[in-house]
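# Inside the fold
Given next are the chains, with one letter for each unit.
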Amino acid sequence: MRYAMVIDTLKCVGCSDCVVACQTENNVPLGYCRDWITETVDGTYPNIVMELKSERCNHCDNAPCVRCCPTGASHIVDGGIVLVTADECIGCGACIESCPYDARYQHPDGYVDKCTFCHHRLEKGQLPACVSVCPTKCMYFGDLDNPNSEVSQLLKNRKYKTLAPEAGTNPHVFYLI
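The rules behind each value
- Residues numbered from 1 in each chain as written.
- Predicted model: local features only at pLDDT ≥ 70, side-chain atom pairs only at ≥ 80, totals over all residues.
- Heavy atoms only, no water.
- Core = buried A, V, L, I, M, F, W, Y, C linked by side-chain atoms within 4.5 Å.
- Buried < 20%, exposed > 50% of the residue type's maximum accessible area, 1.4 Å probe, protein only.
- Helix = DSSP H or I, 4+ residues; strand = E, 2+ residues; numbered from the N terminus.
- Contact = heavy atoms within 4.5 Å.
- Phe/Tyr/Trp six-rings, centres within 6.5 Å; stacked < 30°, edge-to-face > 60°.
- Pairing = 2+ DSSP bridges.
- Axes fitted to C-alpha atoms, helices over the stretch in contact; angles between N-to-C directions.
- Arc of directions from axis to C-beta.

Within an unreviewed UniProt entry, the label attached to the protein reads Fe-S-cluster-containing dehydrogenase component, and the organism entered is Mariniflexile fucanivorans.

Okay, structure coming up:
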């Protein structure tokens, strides 16, 4: 199994419900976030295009954060989820610097924190909090290795992109365009 998230940029309205759900579900300290909304505007009037999308850790196959971690605190678990074991993290910040998605932050308690795809919820058969609360249903989550899964079908039938493809990380967050 390889977990993946697919986000439909044509449905996202930038409401930030995903951000609030994540902060609440994961007790993220005030002023910090594991996911965030970006707004990109391209073109010139009258041909302007705006894209809203929810961003987070991309849970990469080739994760530079895992390779550079001196203690092994950053690691990949079954399903391809990149996690940080807080008790093993020394807070050196090497993983923060190596991440091409700027998806990690220094937790006030001294360790590095990031999106976990709500691993604790997945273990109970639940979807990540961000996916479960999205009012426009623009977020999808599932198994890339299952060709019949919703995420596999969306990627098969829709045009999509990943962020920073030049980084060569093989991310597991995809954006339908």
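Anyway, onward from the coordinates.
One broad rule of soluble globular proteins: the nonpolar side chains tend to lie buried together. Ranked by internal contacts, the top residues of the largest apolar core, which has 36 residues, are Met5, Ile7, Phe117, Met139 and Phe141. Among the elements of the structure, β1 (3-8), α1 (17-25), β5 (81-84), α3 (94-98), α5 (129-133), β8 (139-143) and β10 (173-176) are those that each provide at least two residues to this core. Residues contacting Ile7, with those up to four places away along its chain left out, are Ser54, Arg56, Cys138, Met139, Val173, Phe174, Tyr175 and Leu176. If you look at the next biggest cluster of nonpolar residues, it comprises nine residues, including Val6, Leu154, Phe174 and Leu176.

It is worth spelling out the packing of aromatic side chains at this point. Summed over all chains, the structure comprises four aromatic pairs. Where Phe117 meets Phe141, the ring centres are 4.9 Å apart and the plane angle is 80°; that geometry is what we call edge-to-face. In this pair, Phe117 sits in the loop between β7 (112-114) and α4 (119-122) while Phe141 sits in strand β8, placing the two residues 24 residues apart along the sequence. For the pair Phe117 and Phe141, a shared accessibility class is recorded, and that class is buried.

Attention now moves to unusual backbone geometry. Look at the link from Tyr45 to Pro46: it is a cis peptide, with omega at 10°. Mapped onto the secondary structure, Pro46 falls in the loop between β2 (35-44) and β3 (47-56). Phi at Ser16 takes a positive value of approximately 75°, unusual for a residue other than glycine. The topology assignment puts Ser16 in the loop between β1 and α1.

Looking now at the sheet that holds β10. Reading across from one edge, β8-β1-β10-β9 is the order of the four strands in this open sheet, with mixed pairing throughout. Every interior strand has two partners, whereas the edge strands, β8 and β9 (160-161), have only one. Pairing analysis gives two bridges linking β9 to β10, with the strands arranged antiparallel. What sits directly across from Lys161, in β10, is Tyr175. Sheet strands touched by helix α6 (residues 150-157): β1, β8, β9 and β10. Its angle to β8, the strand with the most contacts, is close to 110°.

On to α1, then. Inspection of α1 places Cys18, Val19, Ala21 and Cys22 among the buried residues, and these make up the whole buried set. Each buried residue of α1 sits inside an arc of 165° when the element is viewed along its axis, so together they form one side. Packed against the buried residues of α1 are β2, β3, α5 and β8.

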